[in-house]
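# Breakdown of the fold
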Amino acid sequence: MVCIAAFIILCIVGIFVAFLSIFRRDIGRKYWKVFKKSWGCVGKKVRLQKCETNFKDDVKNSLLSKVVLKHPSWVKPLGTVIEVGAVVIVIVTIWSLVESVKALLALWVFGTCNVSQPASCVLGSEVCGIDADEPSNPIEWTGRWFSEWGEIFSNIPERFHTWEVEDYLVEPYSFASPYQDGKPLALDIFDPGCRVCMQSYRAQKESGFFEDYNTVLMIYPIEISEGNYKFANSDLIARYIHANDLLDNGYSPKIINRLFTENSANGDDYQVAFSLMSRDEATKTLESWLKDFGASAKDIKQISETANSDEVTEIMQKIKDVVENKIHAKGIPTLIYDKERHSGLYKAN
């Protein structure tokens, strides 16, 4: 283990030695001699051959040379410490390599390097993560670590999958703008409370995406536990939108557009305003919007009753199943268009 640990350290040190050898060639020559010896030792280990013991002894002796003269009794325990330290270095290096491979595969498959906490990955697209619960003990942590590998490998075929919007639609639904014959379909999955979803919607609108595609709006409030949602009142907004879709009155796109593009009376955008409202305040605000859009008192009452119906609950469960189990989204917004799945903030070409 000492020779392998020494090889790992020499690889890291080699970056700095390469720079120093530009000015001091003798340093580079000395380093290269030791490095070749360590590489030969590691090569034999890989081929399951016995390593040269003198290299291991050289490493230990060079580290203990000063200790031998001043504190001879420390040599044996320090030798043990070196052996243990070598094992730790090798284990940490192997673990780091495994985690790096896992993160790169997850990034390729899901668009995020962290399967369970997608938003924490700085390499992936900007998303609101559909996070898994934190493990409460080492057994759960170990189980999740292996299950993440399983998710990655089982979803690799999706990288070569042809994504058809029609395969993931849940009726009833509405379009971001009036339907136009001949235009391709797109699917936009979002959470009303997700800041990235709002930014993505604005980018789509400003770039003309909604004019180029018949964009289906699929509202998916992120649920963190049974009946509890990541963003305040996002499920309430979802219910009112589904209710309007069921009644086919055309108000859903107007609700979403106002939520994502307009500001409240105090200057905050409506998304922020809803996050600060109580349930009753949010309900009254939505009903006032419906009145602004031309709904009568009778219509508003019908929409409110439908929003709290089992039928809407069933629609929300169907969408949850599609997003999590069919599309396997790890974060939103998630878009499907041009036969591809796109995760994270939409950016116009």
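Structure shown above.
Residues numbered from 1 in each chain as written. Predicted model: local features only at pLDDT ≥ 70, side-chain atom pairs only at ≥ 80, totals over all residues. Heavy atoms only, no water.

### Side note on the sheet that holds strand E8 (residues 334-337)
Strand order in the open sheet made by the five strands is E2-E4-E3-E8-E9, with mixed pairing throughout. Each of the sheet's edge strands pairs with one partner strand only, and the pair in question is strand E2 (174-175) and strand E9 (340-343). Looking at chain direction, E2 and strand E4 (residues 214-219) are connected through two bridges and run antiparallel. Bridge pairing in E4 links Ser174 to Leu217. (Pairing = 2+ DSSP bridges. Helix = DSSP H or I, 4+ residues; strand = E, 2+ residues; numbered from the N terminus.)

### A word on helix H6 (residues 195-207)
Over its 13 residues, H6 runs 18 Å from end to end, which matches the ideal 18 Å to within 8%, given 1.5 Å per residue. Residues of H6 that are buried: Val196, Cys197, Met198, Ser200, Tyr201 and Gln204. Once H6 ends, the next one or two residues include Gly208, with phi positive near 85°. (Expected span 1.5 Å × (residues − 1). Buried < 20%, exposed > 50% of the residue type's maximum accessible area, 1.4 Å probe, protein only.)

### Brief notes about the state of the cysteines
Going through the model one piece at a time under the given rule, you end up with one disulfide. Cys128 shares a disulfide with Cys194; S-S distance 2.0 Å. Torsion about the S-S bond of the Cys128 and Cys194 cystine: about 90°, corresponding to right-handed handedness. Taken as a pair, Cys128 in strand E1 (residues 128-129) and Cys194 in the loop between strand E3 (185-190) and H6 lie far apart in primary sequence, 66 residues in all. No difference in accessibility class separates Cys128 from Cys194, as the two residues are buried. (Disulfide = S-S within 2.5 Å.)

### Observations regarding the pattern of salt bridges
Pairing is possible between side chains of opposite charge, provided their charged atoms come close. A complete count under the given rule lists twelve salt bridges for this structure. As a salt-bridge pair, Asp235 and Arg279 come within 3.0 Å of each other at their nearest N and O atoms. Placement of Asp235 in helix H8 (residues 234-247) and of Arg279 in helix H11 (residues 279-292) is noted, with a sequence separation of 44 residues between them. Here Asp235 falls in the buried class, since its relative accessible area comes to 11%. According to the relative accessible area criterion, Arg279 is partly exposed, its value standing at 39%. Several salt bridges converge on common partners, so that one network encompasses Lys102, Arg144 and Glu148. (Salt bridge = Lys/Arg side-chain N within 4 Å of Asp/Glu carboxyl O.)

### A short note on the packing of H8 against H11
It is the contact of H8 with H11, at a shortest axis distance of 10 Å, that shows an interaxial angle of 30°. When the axes of H8 and H11 are compared, the pair comes out roughly parallel. The hand of the H8/H11 crossing is right-handed. Of the residues in H11, those in contact with Asp235, Leu236, Ile237, Tyr240 and Asn244 of H8 are Arg279, Ala282, Thr283, Leu286, Glu287 and Leu290. Tallied by class, the residues present in the contact of H8 with H11 amount to six nonpolar, two polar and three charged. (Axes fitted to C-alpha atoms, helices over the stretch in contact; angles between N-to-C directions. Parallel < 35°, antiparallel > 145°, perpendicular 65-115°, else oblique. Left-handed = near helix turned anticlockwise from the far one by under 90°. Contact = heavy atoms within 4.5 Å. Nonpolar A, V, L, I, M, F, W, Y, C, P; charged D, E, K, R; others polar.)

### What to know about the nonpolar core
Counting residues in each nonpolar core, the largest one holds 64 residues, and the members touching the most others are Leu187 and Ile327. With near-sequence residues (within four places) excluded, Leu187 lies in contact with Val165, Tyr168, Leu169, Val216, Met218, Ile327, Thr334, Leu335 and Ile336. Of all hydrophobic cores here, the second largest spans six residues; its members include Ala106, Phe110, Ile152 and Ile156. (Core = buried A, V, L, I, M, F, W, Y, C linked by side-chain atoms within 4.5 Å.)

### Observations regarding the pairing of E9
Across four bridges, the pairing between E8 and E9 is antiparallel. Bridge assignment links Tyr337 to a residue of E9, and that residue is Glu340. Connecting the antiparallel pair E8 and E9 is a turn made up of two residues, with Asp338 showing a positive phi of about 55°.

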